Amino acid sequence: MPPHRAATMAATAAAAAAAPPADLPDSSPAASSPPRPSPEELVARAVAPVKPAFLRPPPVRDAPKDEGKANGGGAVVAEKKSKRQLKRERKQEQKSSSHLCIEVGKSGNVSSCKYGDSCRFSHDIDAYLAQKPADLEGMCPFTSLDQLCPYGLTCRFLGTHKYIHAASGNLSEKHEINALNKDIQKLLWKNKYKFPKASAQIKLLGLKEVIKSKPDAANDDKKVNHDNLDGNGDEKKEPLCNPPVNAECDSTLCEELDRSEGEPLIDNSITCVEPRPTKKSKVESDEIDKHGAGTLNTKVESEDPNLSNGLEVPSNNASSCRTDLITTPHLREKKIIDFREKLYLAPLTTVGNLPFRRLCKTLGADITCGEMAMCTNLLQGQASEWALLRRHSSEDLFGVQICGAYPDTVARTVELVDNECSVDFIDINMGCPIDIVVNKGAGSSLLTKPMRIKSIVQAASTVTEKPLTVKVRTAFFEGRNRADSIVSDIYDWGASAITVHGRSRQQRYSKLADWDYIYQCAQKAPDQLHVVGNGDVFSFTDWNKHVSGCSKISTCMIARGALIKPWIFTEIKEQRHWDITSGERFNILKDFVSFGLEHWGSDSKGVETTRYFLLEWLSYTCRYIPVGLLDVIPQRLNWRPPSYCGRDDLETLMISDSAADWIRISEMLLGKVPEGFTFTPKHKSNAYDRAENG
C-alpha cells in the first residue's frame, strides 16, 4: 500500500473514532456557538447590553456610488467659469421668478418695493406662485401664534395664513435680541468703533500697539488673521478690514480718575506683569512671528529697549508697580451668578443653535450659552458670527462664548459685547481642540502659555461688570495636566467661574473624562470661585455623583449628553430614567422644527436651513438607546451599540445610523428634500487622536 494511501486511511479512522455515537443528538453550529456574554461582561467591554430579543443581524447596505461618475466612465470635470460669468448667472437667477422680492412677498403688492423696476428681484407674483413648491403639511409657526407671517407669499405654509393680504397689522414679533445693529456694523467695517476701556487697559498692561498704515495692509491681514474661519475650518473669503485700534485713553475716564487720586486703591487692583527672562522672551517672540504678528494689526516691537516679550519693563518710579489708572472691579461689585446646582447647557458648535437651546429650556435647562464665536470675526462686523450671539427671551440666564489668542483682541471683544448685547456672563474658550483654532494660538493652545492666560483674563475682566468665566481642558498634552495651576490664581486675575473639561486636547474623546482630576482642581480653587465640571454627564445618576463627589463643584456642564438626549434635564430634575417613547421623541423633533422655522424663516430657504440643522442633530440622537431595550441602565457615553431594532418602526428608524434614514425623518417633518439633496455630518466622531495633535 502506498504511504500516502495509508496516511489517509489512518486519518479517516481517527476522525471516525472522534465522532459522537449515532444515538446522541446531532451537534449543530448553533449548539456549538459560544454562549452570549453576560450584561456585566458586555459593559466591561464597553458594549451596550441590549436585550437579546431586540438584537438583529447588521443591515446590508449597498456600497456608495462614486460621486462625479457618469455612465461608469471617468469623473465629470466641472466647467470652469470666470467670476464675471458667475456674477452674471447670479443676477439672472435673482431676476428669475423663483426669487421674489422680499417686500413684494411680505405685502402681496407689487408697488410696495421702493426700488421699482430697478429691483434686482422678481416682482411677478403670478409667475412665482406658478413655480412655487406645494405647501408643507402643518400650520405656519407665526399663524399658530396669532401673528402676521413676515414671509407672506414666500411662506411654505401659505394656505394656513389668515390675513395674508391685510394692509395693516403687526408683523410677527421676534422674541430674539442681540441682533447686529447696522450702524454698529458700519462702524466696525470702517474701523471707527471706539474701545476706550480695552485700549487703556492694554496700554497699562504694557502691551504696545502699532497701527499699520501701509497701502497693502489688507493683504497682510490675510496672513495674520488667525480667527477668520468658517464653519468648515476654511478661511472665509469675505474682504478683510483692519480691526479698530484705539490706543488713546478716554479723556472722560481720565478726568474721573484724576478726581479720585486722593482715594486709596481697592485691594484687587492689578499688579504689573513682570517681564520674562531674555531667553524665554526670544522664544515667545519667535512664536509670535510664526503664528502671525498678532490680531487687530497690532504687534510688539522687540526693538524697543523698554519692552520685554511685549510687556513694558517697570521703571524706577514706585507708582509703576501698580496700575493706578484703571483698577479691576472687585468681584463683589460685579453681578454675581450663582451656578450652584443649576443645569448648565454647554456651548455646542453647530447644534447648540438658538432653536436647540430654546428646546432645552422647555425641557428643564437653567443656564444656556451661545456657540463659540471668534473674536476677530466679531470685531470685523461679520453678520454670520454675530448671529451666534442671538438670545431668545426664554433664555433667562444666558452667556456668550468667545475665543481669541491675544489680550487686545479678547478685551475689545468683551467691551463690544458688553456695550451692544444683553448677556448675563461672558465665557472665554481656552479649551477648543480644533486644529485650525489651536494652530493660531487660541483655544487649548493657551494652556501652554499661562502668562498669556493671565494677561487675557486681567485685560478682559476690567472692561466689563458682567461675570467673566473661563473654560479649559486638563492640559494640552496627555499626562501633563496643568489646569490645577490656573485654578488657584484665576479668581485673583478676575474670573468668576471656571469650567474644567476632564480631558486633554490630545485625548479628544478617546477616553472617559478624568473626574478625579476635576475634583483635584476644585480643591485648589478659592472659595469664591465657582468650579464647573464637564465630561460624560449622561444621566441623573452621573450628575448626582459628580455634584456630591466634591463640595467645591458648583454644578456640571452638560454637552454631548444634551445632544444625544436633550430630555436629560427633565431626568435630572425629576430624578428618574425616562423610558421615552418614539412618539414623545418625535414630538420633541416637532418642537425643534417649529422653533427653527420661527428662527430661520418659513420660506424655502428657512425650511432647508432648518432641515440642515435638524439632520446635524439627528446624527447625534441616533446614538441614544431606549431604556426599555437595555439590560443595564443607565446608558454610558462610551458604549458601542450592537445592531438592534426598536420596539416599533419609528423607534427603529430613529436609532439608525444611516444618513438616508435621517433624511426620511426630516421629510416627515419638512416635506420632500430638493432634487439632488445629499447630507454628510459636519462632525467627525472618529477623529479622536492623531499624531499632529501632539
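For the structure itself, consult the block above.
Let me sum up the structure you'll find in this document. Just so it is clear, the model here is predicted, and its values are computed rather than measured.

Below, the discussion takes up the side chain of serine 445. Positionally, serine 445 belongs in the loop between α16 (435-438) and α17 (450-461). Residue class for serine 445 comes out buried when judged on its relative accessible area of 7%. Those residues in contact with serine 445 that lie beyond four places of it in its chain are Val438 and Phe476.

Time to look at the pattern of salt bridges. Counted under the stated rule, the structure contains 21 salt bridges. Arginine 390 is the salt-bridge partner of glutamate 176, the closest N and O atoms lying 3.1 Å from each other. Within this pair, whereas glutamate 176 is found in strand β1 (residues 176-177), its partner arginine 390 is found in the loop between α14 (383-386) and β6 (391-392), the two being separated by 214 residues in sequence. Looking at glutamate 176, the relative accessible area reads 16%, which means it is buried. Measuring nitrogen to oxygen at the nearest pair gives 3.5 Å for the salt bridge that ties lysine 552 to aspartate 527. Placement of the pair is lysine 552 in the loop between α20 (540-549) and β12 (553-558) and aspartate 527 in the loop between α19 (515-524) and β11 (530-534), with a sequence separation of 25 residues. When salt bridges with common partners are traced through the structure, they connect Arg503, Asp536 and Arg560 into a single cluster.

Below, the discussion takes up the packing of aromatic side chains. Tallied over the full model, the rule gives 14 aromatic pairs. Centre to centre, the rings of phenylalanine 356 and tryptophan 617 are 5.5 Å apart; their planes meet at 70°, and the pair counts as edge-to-face. You can see phenylalanine 356 sitting in helix α12 (residues 354-362) and its partner tryptophan 617 sitting in helix α24 (residues 604-621), a full 261 residues away along the chain. Each of the two residues, phenylalanine 356 as well as tryptophan 617, counts as buried. Summarising the aromatic geometry, the rings of phenylalanine 476 and phenylalanine 477 are spaced 4.8 Å apart at their centres and angled 75° between planes, so their arrangement reads as edge-to-face. Among the aromatic residues, ring-to-ring pairing joins Trp600, Tyr612, Phe613, Trp662 and Phe679 into one connected group. Here the guanidinium or amino end of arginine 480 rests over the ring plane of phenylalanine 477, the centre of that ring lying 5.0 Å away.

Let us now look at the sheet that holds strand β4 (residues 344-345). Adjacent strands of a sheet pair through backbone hydrogen bonds, lying either parallel or antiparallel. Strand order in the open sheet made by the eight strands is β4-β12-β11-β10-β9-β8-β7-β5, with parallel pairing throughout. The two strands at the open ends of the sheet, each matched to only one other strand, are β4 and β5 (368-374). With four bridges joining them, strand β7 (residues 398-403) and strand β8 (residues 425-430) adopt parallel strand pairing. Bridging from a neighbouring strand, glutamine 401 pairs with aspartate 427 of β8. On the sheet, α12 packs against β4, β5 and β7 and is oriented at approximately 160° with respect to β5.

Moving on to the packing of α17 against helix α18 (residues 483-493). For the pair α17 and α18, interaxial distance at closest approach is 9 Å and the crossing angle is 25°. Between α17 and α18, the angle is such that the two are roughly parallel. Between α17 and α18 lies a crossing of right-handed hand. On α18, the residues touching Pro450, Ile453, Lys454, Val457, Gln458 and Ser461 of α17 are Ile486, Ile490 and Trp493. For the contact of α17 with α18, the per-class residue count stands at six nonpolar, two polar and one charged.

All told, the structure shown has zero disulfides when counted by the stated rule. Between cysteine 403, a cysteine without a disulfide, and cysteine 432, which holds the nearest cysteine sulfur, the sulfur-to-sulfur distance is 5.7 Å.

A contiguous patch of positive charge on the surface is contributed by Lys182, Lys186, Lys190, Lys192 and Lys194. Structurally, the position occupied by lysine 182 is in helix α7 (residues 182-189).

Conventions adopted
- Residues numbered from 1 in each chain as written.
- Predicted model: local features only at pLDDT ≥ 70, side-chain atom pairs only at ≥ 80, totals over all residues.
- Heavy atoms only, no water.
- Helix = DSSP H or I, 4+ residues; strand = E, 2+ residues; numbered from the N terminus.
- Buried < 20%, exposed > 50% of the residue type's maximum accessible area, 1.4 Å probe, protein only.
- Contact = heavy atoms within 4.5 Å.
- Salt bridge = Lys/Arg side-chain N within 4 Å of Asp/Glu carboxyl O.
- Phe/Tyr/Trp six-rings, centres within 6.5 Å; stacked < 30°, edge-to-face > 60°.
- Lys NZ or Arg CZ within 6 Å of the ring centre and 35° of its normal.
- Pairing = 2+ DSSP bridges.
- Axes fitted to C-alpha atoms, helices over the stretch in contact; angles between N-to-C directions.
- Parallel < 35°, antiparallel > 145°, perpendicular 65-115°, else oblique.
- Left-handed = near helix turned anticlockwise from the far one by under 90°.
- Nonpolar A, V, L, I, M, F, W, Y, C, P; charged D, E, K, R; others polar.
- Disulfide = S-S within 2.5 Å.
- Patch = residues over 30% accessible without salt bridge, like charges linked within 9 Å, V, L, I, M, F, W, Y side chains within 5 Å.
- Areas by Shrake-Rupley, 256 points an atom, 1.4 Å probe, with all protein chains shown as cover.
- Lys, Arg positive; Asp, Glu negative; His and termini not counted.
- Charge placed at Lys NZ, Arg CZ, Asp CG, Glu CD.

Geometry only, nothing functional implied.
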